[in-house]
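Close look at the chain arrangement
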Amino acid sequence: MGSHLVDATAAANAGASVAKASVVNRLAIIGIGLIGSSIARAARQHGLAGAIAIADASPEAVATASRLGLGDACGTDAATAVADADLVILCVPVGAMGQVGAAIAGALKPGAIVSDVGSVKGAVMAQLAPHLPGGVHLIPAHPVAGTENSGPEAGFATLFHNRWCIVTPPEGASQQAVDALCAFWAGMGANVETMSAERHDLVLAVTSHLPHLIAYNIVGTAADLEQVTRSEVIKFSAGGFRDFTRIAASDPTMWRDIFLNNKDAVLEMIGRFNEDLAALARAIRWGDGDALFELFTRTRAIRRGIIDSGQETAEPDFGRRHEDDATA
């Protein structure tokens, strides 16, 4: 399956139309961290669900979600939350998908859509598909949005605005179910594109997984250097290192599961990165300024392209929490 783009105009129109009436009568969100709580806030703000049920294994997270009014019903039992739900979104670590799928399978009603927000899609399909009963539609998705913060208090309603959500329907999926899920994400302000799970995992290995792995490694290396004390690393952090520390502050459980569940694509990208890094080292060793200048010119153009596409701005903290979202 290739990729299919829902352009910005179509997405906006879809979002406007679905906002007039509930997309789903009952939405169930399993896992109420940054993404789950942002979905709850955005769905409420845009009128995309008649009722919202929330489940999380952490009693503390459930208590916080209840206090914040994120759901109409909040509890620790996932099966109870999904009962009679039209749309179920799993916002749990990729490695827990199979366990959650088994827990909710018996409570899912015929015709329900089961989706997720994981950064890996092939492994999610493989874990969930064996558990879901016939008549239930498995339509995985991945909102390409987030911050380094986690927990139900970290979410905000505009997290997905003008960010991409990639939907990866399996072969033979119901087009009606795919359209309904795409409309839901468009209703929260996201741009939506569909593609195969395999293509998604390769693309995200380049654009997200490898950069995170590099960030974790650079920050770890800096912390381990014996000749540089930890206080000096913190005190003299330049802009580049600070950016790496923001990425490296991301949820460790989530990223552990991402790397283990997308290992083939990630290892392929690591191999390519090592080859390019070796070439860069040779250019520095032999004083090849032309090679360095050519590389830096190409990478600068990519940065400008990202800004031109609307996925970044020159202003700080683009796409992260703003003051007007603090109570959203």
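Residues numbered from 1 in each chain as written. Predicted model: local features only at pLDDT ≥ 70, side-chain atom pairs only at ≥ 80, totals over all residues. Heavy atoms only, no water.

Details of unusual backbone geometry
- Even without being a glycine, Asp-84 presents a positive backbone phi close to 70 degrees.
- Mapped onto the fold, Asp-84 is located in the loop between α4 (78-82) and β5 (87-90).
- The exposure class assigned to Asp-84 is exposed, which follows from its relative accessible area of 52%.
- Positive phi, normally seen in glycine, also occurs at Asn-162, with a value near 60 degrees.
- As for its placement among the helices and strands, Asn-162 is situated in the loop between β8 (141-143) and β9 (164-167).
- For Asn-162, a relative accessible area of 29% gives the class partly exposed. (Helix = DSSP H or I, 4+ residues; strand = E, 2+ residues; numbered from the N terminus. Buried < 20%, exposed > 50% of the residue type's maximum accessible area, 1.4 Å probe, protein only.)

Describing the pairing of β9
- Pairing of β8 with β9, which is carried by 3 bridges, proceeds in the antiparallel orientation. By the bridge assignment, Ala-141 is partnered in β9 with Val-167.
- Read as a crossover between parallel neighbours, the route from β9 over helix α7 (residues 175-187) to strand β10 (residues 191-194) is right-handed. (Pairing = 2+ DSSP bridges. Right-handed = clockwise from strand over helix to strand, strands pointing away.)

Details of the side chain of Lys-121
- By the element assignment, Lys-121 lies in the loop between β6 (113-116) and α6 (122-128).
- Sequence-distant contacts of Lys-121, that is, excluding residues within four places in its chain, are made with Asp-116, Pro-140, Ala-141, His-142, Thr-168, Ala-197, His-200 and Asp-201. (Contact = heavy atoms within 4.5 Å.)

Points about the environment of Pro-130
- Within the fold, Pro-130 resides in the loop between α6 and β7 (137-138).
- Residue classification places Pro-130 among the exposed residues on the basis of a relative accessible area of 63%.
- A sequence separation of 28 residues divides Pro-130 from Ala-102, and the C-alpha atoms of the two residues are 8.7 Å apart.

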